[in-house]
There are 2 protein chains.
Amino acid sequence: MAARTRNPDELVDLARGGDRSALARLLSLVEQGGDSARAVGRRTHQLGGSAYTVGITGAPGAGKSTLTNAMVSTLRAGGDRVGVLAIDPSSPFTGGAILGDRVRMGDHVLDEGVFIRSMATRGHLGGLALAAPEAVRVLDAAGYPWVILETVGVGQVEVEVVGTADTTVVVVNPGWGDSVQANKAGLMEIADVFVINKADRPGADSTRRDLEQMLDLSVHDHDDLGGHDVGGHDVSGHDVSAPDAGKQASWRPPVVSTVASTGAGVDELVAAIAAHRTHLETGDGLERRRHRRLDDELHRIIAERLRQRARALGQGEAFDRARELVVTRKLDPWSATDALLGETAD
Amino acid sequence: MAARTRNPDELVDLARGGDRSALARLLSLVEQGGDSARAVGRRTHQLGGSAYTVGITGAPGAGKSTLTNAMVSTLRAGGDRVGVLAIDPSSPFTGGAILGDRVRMGDHVLDEGVFIRSMATRGHLGGLALAAPEAVRVLDAAGYPWVILETVGVGQVEVEVVGTADTTVVVVNPGWGDSVQANKAGLMEIADVFVINKADRPGADSTRRDLEQMLDLSVHDHDDLGGHDVGGHDVSGHDVSAPDAGKQASWRPPVVSTVASTGAGVDELVAAIAAHRTHLETGDGLERRRHRRLDDELHRIIAERLRQRARALGQGEAFDRARELVVTRKLDPWSATDALLGETAD
């Protein structure tokens, strides 16, 4: 029953009716960027707004996929549908990664209430940081109240992507300090919940002490800022770290021990996520976090649109005319650029 | 006799009349960027166009300053005035770096025909890559037919800056292979002339063999492309490496041995630069190289202007209105951005 249409609005209607191949096609369109992605976005943005997003990140081998799988089981036991986006900037292929996605799906391959999908940057000029929120809106519009964003590694882009989730889970293993040393501060900053996975291994206790100690030292106010300050994407240059006036009780990230392969501790993890959600929803935390996330997205889109414009302006007839004006010394380079941009000189 | 005026046009007139403090002030204005820099640029661009630029780069400690000093002496013996811009992205201070510049001037501290100036990125949003060509135009307009761009190191920005010179000199020492391994390919690409400085040290012969061998292997056609392909600044995305139809005889970078501290070989270096200049001027090489340089500059200015616009668009009332439209689901993020940018949706 493959969806034959490529019309975005029709695909959205089909996906909302439960057509999984229409949903897959929508995600491919979003991944590819361009006009079709815009059309999908216009439609899904109107429809969505209720999905709760959970980001899962941690070093390669920490057991994120196994943990995600176990979490999906727990969430499914409650009846809710669950979408999973595996964010993999390094993946050479996407969309067609059917085998990989089937492997990922594990226990859920026959469950119509679970949709798992790998995403890479194919085509989308703004990269995963721009494609991911669009993909979330597609799943949201298609009726998935939970969307899990699982990263493959802890690279800059991946941390940015999961850092925009409503609740961000950072997965470590006993002895993690050595493996993710370089990124420790960044992970501390985005974590709403810590998981020590493979907690049956030696060193789990000292890892917990280590984490709690770091949490003692850090100021737990990123939650009250309505979002995560992940570097590199704020194009506006204005201060994004000014604390808000309307404070609420601060959130100290709990540390949950799990053995994902046996399912041990996974219920506690889901409970911790639910507690964080309640915390956010009790005050205006969730609203503020989503507004901050939207600001980040708008800043990224502005930057991307202007990069596109720079590429277009840097060639073609108008550019050649501007250059000619400079070569013949009728205009200096800045004035010629202003003319090209349709501005008056400042 | 300090120039009291800050009026750019008056300062340019004073500098053209030989007023060194007016010249210094003009370079400060250019370094600071902004409206005054634009006014300076509008005036000097009309006046200049005859200065020949020589870029000097190489690893720290290669003896670039000593070599520059010796070259200035040789050029001065011919009667021409010489300007020197020492490009130092890491320098914490500029303009006021009088002591440093006096030390740099060495033998030329009392020579009114020599102007030496350190430049850093203070204030100029586009950085040295944008400030340097403006500074060259100031010296050009002030009557300096030779401008030497000397870099402090071989960082990306510095290599970009000297790579835009009419003739680029790459300075190495015996045994250089070990010290600049990482950047060897980039230096090979921009070199019009190689200098083995401190050639009285052991290993000079093998260094020469090493260089000649690399030159045998490389294709010497960058000259026929009318410019250097230095990565990272071509915002247009179009192919900048397409060979031109109108070929001329290709230029193989000569390898000159010098001992800058004694002056040995410096005349040969100046002769090699002159030979390269003649090579460029014989065909349309110089014109094409300058056009390519101008294209690069225009691309950088376009990118900088659009970065400024992104910063402005990413905050303020219009941004708040756009966000409100998204929050209330009247517009999706891309359409809201288009509205903000004053475009129709694509």
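Residues numbered from 1 in each chain as written. Chains lettered and ligands numbered in written order. Predicted model: local features only at pLDDT ≥ 70, side-chain atom pairs only at ≥ 80, totals over all residues. Heavy atoms only, no water.

Caption draft 1: Structural view of the sheet that holds strand E2 (residues 82-87) of chain B. Residue and element names in this part refer to chain B. Within the open sheet, the seven strands sit side by side as E3-E2-E4-E1-E5-E6-E7. Their pairing is parallel. Edge strands, defined here as strands with exactly one partner in the open sheet, are strand E3 (114-119) and strand E7 (255-258). Mean inter-strand twist for the sheet, computed between neighbouring axes without regard to direction, equals 20°. Strand direction decides the pairing type here: strand E6 (residues 193-197) and E7, joined by four bridges, are parallel. The residue bridging Ile196 from the neighbouring strand is Ser257, located in E7. Helix-sheet contacts for helix H4 (residues 64-77) involve strand E1 (52-58), E2, E3, strand E4 (146-151), strand E5 (167-172), E6 and E7, and the interaxial angle to E4 is about 170°. Sitting on the sheet, helix H11 (residues 266-282) is in contact with E1, E4, E5, E6 and E7, with an inclination near 145° to E5. (Pairing = 2+ DSSP bridges. Helix = DSSP H or I, 4+ residues; strand = E, 2+ residues; numbered from the N terminus. Axes fitted to C-alpha atoms, helices over the stretch in contact; angles between N-to-C directions. Contact = heavy atoms within 4.5 Å.)

Caption draft 2: Looking closely at the interface of chain A and chain B. On the chain B side, the residues contacting the 50 residues of chain A number 49 residues. Summing the contributions of chain A and of chain B, the shared interface buries around 4900 Å²; its carbon and sulfur component is 62%. For chain A, the biggest contributors to the area lost against chain B are Arg305, Arg329 and Trp334 of chain A; these three give 17% of the whole. Summed over the shared surface of chain A and chain B, the result is four salt bridges. A salt bridge links Asp295 of chain A to Arg323 of chain B; the shortest N-O distance between them is 2.7 Å. Viewed at the interface, chain B and chain A are joined by 14 residue pairs in polar contact (both at pLDDT 80 or more). Of all the secondary-structure elements, those providing two or more residues to the side of chain A that touches chain B are helix H3 (34-47), helix H6 (128-141), helix H12 (285-313), helix H13 (317-327) and helix H14 (333-341) of chain A. If you tally residues by element for the side of chain A that touches chain B, the top one is H12 of chain A, at 15 residues. For the side of chain A that touches chain B, a count of residues per class yields 18 nonpolar, 15 polar and 17 charged. (Buried area = accessible area lost by both parts, 1.4 Å probe. Salt bridge = Lys/Arg side-chain N within 4 Å of Asp/Glu carboxyl O. Polar contact = N/O pair within 3.5 Å; in protein donor to acceptor, adjacent residues only side chain to side chain. Nonpolar A, V, L, I, M, F, W, Y, C, P; charged D, E, K, R; others polar.)

Caption draft 3: Structural detail: the pattern of salt bridges. As enumerated under the stated definition, the model contains 40 salt bridges over all chains in all. Between Glu297 of chain A and Arg137 of chain A there is a salt bridge, with the nearest N and O atoms lying 2.6 Å from each other. On the criterion of sequence distance, the pair formed by Glu297 of chain A in helix H12 and Arg137 of chain A in helix H6 is long-range, its members being 160 residues apart. Of the two residues examined, Glu297 of chain A and Arg137 of chain A, each falls in the buried class. For Arg323 of chain B, the salt bridge is made with Asp320 of chain B, and the minimal N-O distance between the two is 3.2 Å. One end of the pair is Arg323 of chain B and the other is Asp320 of chain B, both in helix H13 (residues 317-327) and three residues apart, which spans about a single turn. Residue Arg323 of chain B is classed as partly exposed on the basis of its relative accessible area, which comes to 21%. By relative accessible area, Asp320 of chain B is classed as partly exposed at 37%. (Buried < 20%, exposed > 50% of the residue type's maximum accessible area, 1.4 Å probe, protein only.)

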